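Listed below, chain by chain, are the residues.
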Amino acid sequence: MQNDSTPSSKTDPVQPQAHRPINLALQGGGSHGAFTWGVLDTLLADERLSIEGISGASAGAVNAVALAHGYASALASGEDARLAARQSLRRVWEGVVGLGSLGSIQNSLLKMLPGFSMPMDMMKGAMNRLISPYQANPLDINPLRDLLQREVDFDAVARLRQPKVFVSATHVTTGKVEVFEGKRLSLQAVMASACLPMMFQAVEIDGHAYWDGGYSGNPAITPLINQCSTRDILLVQISPLVRPQTPQNPADILDRISELTFNSSLLSQMRIIDFINRLLENGRLSGDDYKQVLLHRIDGGEAMAAYPVSSKLSTDPSMIQALFQLGQSAAENWLHKHYAALGVKSTVNIRRDYLDDMKLGI
C-alpha cells in the first residue's frame, strides 16, 4: 500500500505559512515501530504542525510515551519541546537496540530451563507449543520494562495536557479494548499494551489481566474523536492490509494470519468512521453532536511490506536504522503531497481501502 492513497490523483500544494493541529494514531508492530519513530521525527521537525492527541498500541504506545516524555521534560526545563521529544524517541530506540532481540531473550530463558538439550530452533518450537511464559519466564523478566522505567517519567506524562496520550491494551477475560490515559497511564499500562501473550505473562492492573493492545485496538481511534477537537487524524500504519500473493509455506501463512489479526480492529473502526461521516454528509446527524473525521495515513508501502512479521522481534541496528529512515522519507513525502489538505479533506479513501461487504448502510 502506498502513502498517496487519496481520492484525487492531484498533488496538493504546500502552504508554508499555515499552522495545523493533528491527532496521531500509531499502530503496533514490534521493532517495525522504528518506522513510526522516523515518521514522528519528521513531523516533530516541521513547525507548521502541532500535535493535539496521540493514541498508540504496543510499539505505538512506546513511541507515544517517549514523545510525550520529551514534551513533559521540556515544560519543566524550558527547552524546545519538539527537539526534546525527538531526543527522547532516539534514546528509547537506541536503548531498544541495546537490549538485543526478543528472540535472543527467549533463547536465554530457554537455556535456563532444566532438561532442554535439543537444538535451539527445536526448543523454540517446543516452547511455542507446550510451554507458556509462566513456565519459561517465571520471574517475568522483560528488559523493555527496565528501559522505559529509566527513560520515561510517567508521572510527568500523566500530568501533560497536550499532547493528550491514550494507550490501548486488551482485557484478557473480556477481549475488550481498554484505554489508559491521565493518571492511569503508567509503566504497567504501556507494558500491558506491548504484552505478547506467548512471550510474556499477562500484565495485571487493578486486579485485571491485559495483553497486547493490537488485538482489540490497533490503535484505538475513538479517544482521538471524542476527546480531541481537531478533525484530522493521521494514522501511521505498520501492518500491510494487502498482500498480492497467497502465502503457501508455514512461515508466510503465520505472518499473514498475524497481519490479519492485528488489522481487524482497525478495519472495524474504519467502518464506523465512514458510517458517521456519511450520516453527517447526508444530514442524518447533527454537526453539533458529531464531527466529520478527516483521515490521513502514512505507511511504508512496498518497502515496508518487504519486512517479514518475524523481523518484528529483531533489533538488528541496521534494520532499525533502515526503518527509521524509511519512516522519515514516508513522512516527508506525505507532507509534500498532502499538508494543505489538513483541516480541509481526507487524503485516504476509506471506502476503497478499508470497507468490505459488511459495511454499514444508511
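Above: the structure in question.
Residues numbered from 1 in each chain as written. Predicted model: local features only at pLDDT ≥ 70, side-chain atom pairs only at ≥ 80, totals over all residues. Heavy atoms only, no water.

Overview of the nonpolar core
As a reminder, the rule being used: Grouping buried Ala, Val, Leu, Ile, Met, Phe, Trp, Tyr and Cys residues that are joined through side-chain atoms within 4.5 Å yields what is termed a nonpolar core. A 1.4 Å probe rolled over the protein chains alone gives each residue an accessible area, and that area as a share of the maximum for its type sets the label: buried under 20%, exposed over 50%, partly exposed in between. Only runs of H or I of at least four residues qualify as helices and only runs of E of at least two qualify as strands under DSSP, and these elements are numbered from the N terminus. A contact between two residues is defined here by any heavy atoms of the two lying within 4.5 Å.
With 66 residues, the main nonpolar core has Leu24, Leu67, Leu148 and Val190 as its most contacted residues. Ranked by residues supplied to this core, first place goes to helix 2 (residues 59-77) with nine residues. Discounting chain neighbours no more than four positions away, the residues touching Leu148 are Val62, Val92, Phe154, Leu187, Val190 and Met191. With 17 residues, the next largest nonpolar core counts Phe166, Leu266, Met270 and Tyr354 among its residues.

Points about the pattern of salt bridges
What counts here: Only one rule defines a salt bridge in this text: a Lys or Arg side-chain nitrogen within 4 Å of an Asp or Glu carboxyl oxygen.
Considering all chains together, one arrives at eleven salt bridges under this definition. Arg91 serves as the salt-bridge partner of Glu151, at 3.4 Å between the closest nitrogen and oxygen. Here Glu151, found in helix 7 (residues 143-151), pairs with Arg91, found in helix 3 (residues 81-99); they are 60 residues apart in sequence, far enough to count as distant. Exposure remark for Arg91: the relative accessible area of 35% places this residue in the partly exposed category. The closest approach of N and O atoms between Asp274 and Arg351, which form a salt bridge, is 3.2 Å. Placement of the pair is Asp274 in helix 11 (residues 250-281) and Arg351 in helix 14 (residues 350-353), with a sequence separation of 77 residues. Judged by its relative accessible area of 5%, Asp274 is buried. Salt bridges sharing common partners tie together Arg297, Asp299, Arg352 and Asp353.

Observations regarding helix 1 (residues 33-45)
Residues separated by three or four positions in an α-helix point in the same direction, a consequence of the helix having 3.6 residues per turn. Here is the rule: To estimate the expected span of a helix, count its residues, drop one, and scale the result by 1.5 Å.
End to end, helix 1 covers 19 Å across 13 residues, agreeing with the expected 18 Å (1.5 Å per residue, within 8%). Most of helix 1 sits inside the fold, with twelve of its 13 residues counted as buried. Along helix 1, the residues classified as buried are Gly33, Ala34, Phe35, Thr36, Trp37, Gly38, Val39, Leu40, Asp41, Thr42, Leu43 and Leu44.

Some points on the environment of Glu79
For Glu79, the position within the fold is in the loop between helix 2 and helix 3. For Glu79, a relative accessible area of 49% gives the class partly exposed. Aside from chain neighbours lying at most four places away, what touches Glu79 is Ala74 and Ala84.

Focus on the pairing of strand 8 (residues 294-299)
Rules: Strand pairing requires that DSSP identify at least two bridges connecting the strands.
When you tally the buried positions in strand 8, you get six out of six residues, the bulk of the element. Judged by which residues are buried, strand 8 turns out to be covered on both faces: Leu294, His296 and Ile298 on one side and Leu295, Arg297 and Asp299 on the other are all buried. Bridge count between strand 7 (residues 232-237) and strand 8: six bridges; the pairing is parallel. What sits directly across from Leu234, in strand 8, is His296.

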